[in-house]
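Each chain, letter by letter, is given below.
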2 protein chains.
Amino acid sequence: MAWDPTRLKDWQIAEEAEKNMPTPEEWIDRLGLEKDELIPYGRTPKLDFIKMMKRLENRPDGKYIEVTAITPTPLGEGKTTTTMGLLEGLGKRGQNVGGAIRQPSGGPTMNIKGTAAGGGNALLIPMTEFSLGLTGDINDIMNAHNLAMVALTARMQHEANYSDEELAKRNLKRLDIDPKNVEMGWVIDFCAQALRNIIIGIGGKKDGFMMASKFGIAVSSELMAILSIANDLEDLRKRLGEIVVAYDKSGKPITTADLEVDGAMCAWMRNTINPTLACTVEYQPCMVHAGPFANIAVGQSSIIADRLGLKMFDYHVTESGFAADIGFEKFWNVKCRLSGLKPNVSVLVATIRALKMHGGGPTVVPGRPIPEEYTKENLSLVEKGCENLLHLINVIRKSGIKPVVCINSFYTDTDAEIKLVKRMAEQAGARCAVSEHWLKGGEGALELADAVMDACKEEVDFKFLYPLEMPLRQRVETIAKEVYGADGVDWYPLAEEKAKRFESDPRYKDFATMMVKTHLSLSHEPTWKGVPKGWRLPIRDILVYGGARFLCPMAGSISLMPGTSSDPAFRRVDVDVKTGKVMGLF
Amino acid sequence: MAWDPTRLKDWQIAEEAEKNMPTPEEWIDRLGLEKDELIPYGRTPKLDFIKMMKRLENRPDGKYIEVTAITPTPLGEGKTTTTMGLLEGLGKRGQNVGGAIRQPSGGPTMNIKGTAAGGGNALLIPMTEFSLGLTGDINDIMNAHNLAMVALTARMQHEANYSDEELAKRNLKRLDIDPKNVEMGWVIDFCAQALRNIIIGIGGKKDGFMMASKFGIAVSSELMAILSIANDLEDLRKRLGEIVVAYDKSGKPITTADLEVDGAMCAWMRNTINPTLACTVEYQPCMVHAGPFANIAVGQSSIIADRLGLKMFDYHVTESGFAADIGFEKFWNVKCRLSGLKPNVSVLVATIRALKMHGGGPTVVPGRPIPEEYTKENLSLVEKGCENLLHLINVIRKSGIKPVVCINSFYTDTDAEIKLVKRMAEQAGARCAVSEHWLKGGEGALELADAVMDACKEEVDFKFLYPLEMPLRQRVETIAKEVYGADGVDWYPLAEEKAKRFESDPRYKDFATMMVKTHLSLSHEPTWKGVPKGWRLPIRDILVYGGARFLCPMAGSISLMPGTSSDPAFRRVDVDVKTGKVMGLF
């Protein structure tokens, strides 16, 4: 029985559904867990990754389903909503299904964005915990990250104050850190633009070393990137020692291991390897693990959660951040390469309204009535907009996967519009299903669930876009042409110089190529909708992350610290002091 | 059966004891809880304060026992160890006993200090969780605190960038914050001296407002002070809106409520009102709640934990930070006044070795052998050092409480030394017990337990040192003379000017007087041991905390951000990647 989402707000549906959420005992029973594999944690237990993987080691993996989307528009495509809907639809079909999504950051939640928990009858619960820190993984990452900065800045101070002999007494060797060449900044999980560029260490000899520094949002931390791609605790631990925090005066990298802080960082992060267990409003299990930042990271739920989900479920659904040109590309060439896991199918989410915008529909201004192009049938806009969809179908097909297009239904969609999209998607070699999960929950997602199950019966000849042996610049060229549809790549001198250096240094041979580009267009220019033609991708710079082992070619600027707006969401949040219930979050 | 602490390290004893820690189900059974009153949380569940207080409302309170100590020396008195020992001793006597202590900060834990979990057979478990963030209360406080700073700094930027009309569109009125008069800083829970004095907001119009700012350690946050003195969630919520973050250009205070961020702060702190349940190695329950900062706060476990403990246990033991001149004085005149709770007895912890140091024993240098004054019988040093003990017995007796002196035994103590202390303490009107809890656990603390139970049979005519009607300067004078033993108070011009203002403004009438003074001496001068004579207490400044409702007269400088040393503890911490076990913490 679905709730009426035209009458009830998301938080009201969540509140109703939360009344019957499985208890820890029920989860243990339903998921066939050993008692000590479920670590209780309020309403959101964690799963003990190490213990479970040991027990399930020899169990064959379930089907691996990725959810991605067309290029986003302000009208929204409902990727998380569709992920929840698909879980519910497969659940309604009696399947052993589960999924994994990312934990939202406190920054956007307190600023402008919703909580990324889906919507209507396709919703993740419990919503309050999900929106406000969950089981503390982001806090743990923040603490581990800032501890590295404490180690760095304290070391710089002590090296400035003490002679080599005095350092030796403390069993310390001078690292000779170059204050003009510090890579790492601090983190906080809010949108604190005032901390973007700061000067620290003002005062006397014991007040630190004076220098420029910076804060990023916690979810953009390299530690979060590492958590999302680590295969296990051993891998995590190793990478935590390889983070480059700064360079010495001769240009040699100084790592967290050089600062002897990597073990303690891992201690603060010890609980983060255990995914948190939440569920849909129809009680299909869904893990929440790792964070949302898709710019300099994979921007999807973790390899750890996917490894665990594939052991636990016959169908494991995972979501990739942003649109298919970024999210799917990273899932395909980075995440799956690192995990060795092979996906069975990708679901490509689209809405009729978003397709119309890609087809040249008018701009939508918040607060003003939506133009009638979006509320009335308009087949020519839909047809033109399908270009973006078809381009991304083709991108996904290059991996060997035949995608399922999901038309996330809206009440203004007409039969003719839907038919048109279906025909075009099928002609391009994709399955296509309409889904009404927002309105009807799992009952509305049966067509999608059936299409996905059907697709999972096919063998996938999964292949990467490029081999690891391919040099960096050629990789970027390949991605730009084959995925974004660019004519080629233009290298800024700084980027080209760095690229040459990385290509010739064997140390960077197996570093992943983690593109940084806007998600609002297939190109680097956010305003170019549909499928831009006749353009070249400019690469300005390349960032290096030694722990995550990422090289990030920058096809656009990124801010690691978003800003808080003049009408932030925190203004409307409060607590009922009699019950402790949080209000105004959604 | 106690472990052998001369052979086993604390973490080894903890590890052994943790094997048989009560499960959530066992706690529910043992403590007579309703099932939903225990919120599971790994090995350290939380107690649902709201639900429990509602159920236990009409239950009479148990006996209220406070633990404090003589003036500290580098040799240590073992206050937390004694708290654990007393819980164990009362447990061995078959009593329904429990306690409350504070959660340690990540700063000292990663820097130089141990984890404040007691020692030997008088130890709190689980040690790893206790040392590394527990159930996240400090993180929640850090986030709530920093969200206020995000609100402040974003508001300053938007007011600088927008006209009154543009602000009005967002339903905002210009607050006209004075950037030269910002009170609040940011927090992080490590010793990050490099963040003590910083400049923020460097960059363009959207990169914040450029100004001086600062970071304090998270446990020094006013929010932590508020958590420790709030009576319930309603009280907490109200105080969270009254925090003064800055002043406007006319000098009027700007509060968190003015920034409309207080509700959201409370949402981030919603779980902090529920104390965490840990236990001794002999499994007596002990709550952990609120943080350690005793300078500008009460520096003890919370009123909430004590209210709950008194309902749950027949004997509730709570610890006060620092020595009796600070910890007990604040317990007495601030914490008990705010809670309305009446203590039955105070335990005043001393060691023979610390008394010798107060009696003029030689300085102890770390790394060098301890002088033989401390290892061989020396009655004259003990007798002279008892002055400090007797002074503090007298201080406690002024509250109407007849204290129990606990001689925390060490193997070098001689019978004659112990006899001497006992005789002097008893002559001063105190009970006195020797306790060997470190060596023998509860079995070694029976004498102490019996003395405490005996003391609890007496009626206490509990009275405050000063009435709330007493003006600020007179209060400080009273505390200085009656508690510290000063001849009087010297007011610096700034402090005197502020004091006059606060005395004449009815707004500050019920603000608590929260002294700031070193704990290493009864005086303001850390090197003056024993009972300094012929001195006057200088007050340099008075800090105001509007949410906590504290006025803090400063008889010394305080740093809200300690520094990380050149040989910090984090160097030795690591994780076993096969099991997730943390090593090197203790």
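Residues numbered from 1 in each chain as written. Chains lettered and ligands numbered in written order. Predicted model: local features only at pLDDT ≥ 70, side-chain atom pairs only at ≥ 80, totals over all residues. Heavy atoms only, no water.

- In the annotation of an unreviewed UniProt entry, the entry for chain A reads Formate--tetrahydrofolate ligase, and the organism field reads Thermacetogenium phaeum.
- The record in UniProt for chain A states the following under Catalytic activity (unreviewed entry): "(6S)-5,6,7,8-tetrahydrofolate + formate + ATP = (6R)-10-formyltetrahydrofolate + ADP + phosphate".
- Within the UniProt record for chain A, the comment given under Pathway (unreviewed entry) is "One-carbon metabolism; tetrahydrofolate interconversion." (UniProt positions renumbered as here; feature names shortened; annotations may be inferred.)

1. Focus on the domain arrangement of chain A
Residues and elements named next belong to chain A.
Piece 1. Annotation of chain A at the domain level lists domain 1 (1–458) and domain 2 (472–554).
Piece 2. Once you take the C-alpha centre of each, domain 1 and domain 2 turn out to be 22 Å apart.
Piece 3. Taking both partners together, domain 1 and domain 2 bury about 2,500 Å²; carbon and sulfur atoms supply 61% of that area.
Piece 4. Together, Ile 296, Asp 325 and His 391 form the three largest contributors to the area buried by domain 1 at its contact with domain 2, with a combined 21%.
Piece 5. Scanning the region where domain 1 abuts domain 2 turns up 4 salt bridges.
Piece 6. One salt bridge in this structure joins Glu 242 and Arg 549, with 3.4 Å as the shortest N-O distance.
Piece 7. Viewed at the interface, domain 2 and domain 1 are joined by 14 residue pairs in polar contact (both at pLDDT 80 or more).
Piece 8. Looking at the side of domain 1 that touches domain 2, the elements that each hand over two or more residues are α9 (222–229), α13 (324–339), α14 (352–358) and α15 (379–397).
Piece 9. Ranked by residues supplied to the side of domain 1 that touches domain 2, first place goes to α13 with 6 residues. (Domains from an automatic or database assignment. Buried area = accessible area lost by both parts, 1.4 Å probe. Salt bridge = Lys/Arg side-chain N within 4 Å of Asp/Glu carboxyl O. Polar contact = N/O pair within 3.5 Å; in protein donor to acceptor, adjacent residues only side chain to side chain. Helix = DSSP H or I, 4+ residues; strand = E, 2+ residues; numbered from the N terminus.)

2. Notes on the confidence of the model for chain A
Piece 1. Confidence along chain A averages 95 in pLDDT terms, with 99% of residues attaining 70 or more.
Piece 2. Across the interfaces of the predicted complex, the ipTM metric reaches 0.96, alongside a pTM of 0.97. (pLDDT = per-residue confidence, 0-100.)

3. Here we look at the sheet that holds strand β24 (residues 550–554) of chain B
Residues and elements named next belong to chain B.
Piece 1. Spatial ordering of the open sheet is given by β21-β24-β23, a layout of 3 strands whose pairing is mixed. Two strands lie at the open edges of the sheet, namely β21 (512–513) and β23 (541–545), each paired on one side alone.
Piece 2. When β23 meets β24, the two strands line up antiparallel, connected through 5 bridges. In the strand pairing of β24, Ile 542 is matched with Pro 553. (Pairing = 2+ DSSP bridges.)

4. Considerations on the pairing of strand β3 (residues 63–69) of chain A
Residue and element names in this part refer to chain A.
Piece 1. Most of β3 sits out of view: 6 of its 7 residues are buried.
Piece 2. Where β3 and strand β16 (residues 315–319) come together, 5 bridges link them in parallel fashion. Bridging across to β16, Val 67 finds its partner in Glu 319.
Piece 3. With 5 bridges joining them, β3 and strand β17 (residues 345–350) adopt parallel strand pairing. The partner of Ala 69 across the bridge, within β17, is Val 349. (Buried < 20%, exposed > 50% of the residue type's maximum accessible area, 1.4 Å probe, protein only.)

5. Concerning the UniProt feature "binding site: ATP" (unreviewed entry) in chain A
Residue and element names in this part refer to chain A.
Piece 1. Here the UniProt feature "binding site: ATP" (unreviewed entry) sits at Thr 73, Pro 74, Leu 75, Gly 76, Glu 77, Gly 78, Lys 79 and Thr 80.
Piece 2. Relative to the assigned elements, Thr 73 resides in the loop between β3 and α4 (79–92).
Piece 3. For Thr 73, a relative accessible area of 9% corresponds to the buried category.
Piece 4. If we skip the residues at most four places from it in the chain, Thr 73 touches Ala 354, Met 357 and His 358. (Contact = heavy atoms within 4.5 Å.)

6. Describing the interface of chain B and chain A
Often, the extent of an interface is quoted as the loss of accessible area on bringing the components together.
Piece 1. Counting from both sides, the interface comprises 76 residues of chain B and, opposite them, 77 residues of chain A.
Piece 2. Of the roughly 6,400 Å² buried between chain B and chain A on both sides combined, carbon and sulfur atoms contribute 63%.
Piece 3. Here chain B and chain A share 35 residue pairs in polar contact (both at pLDDT 80 or more) between them.
Piece 4. If you list the elements that add at least two residues to the side of chain B that touches chain A, you get α5 (106–111), α6 (127–131), α7 (137–161), β8 (186–188), β9 (198–200), α10 (233–240), α11 (262–268) and β25 (574–575) of chain B.
Piece 5. Top contributing element to the side of chain B that touches chain A by residue count: α7(B), with 12 residues.
Piece 6. Taken together, the residues that form the side of chain B that touches chain A break down as 37 nonpolar, 23 polar and 16 charged. (Nonpolar A, V, L, I, M, F, W, Y, C, P; charged D, E, K, R; others polar.)

7. Topic: the environment of Ile296(B)
Piece 1. Relative to the elements of secondary structure, Ile296(B) occurs in the loop between β15 (285–288) and α12 (303–312).
Piece 2. The class of Ile296(B) is buried, set by a relative accessible area of 3%.

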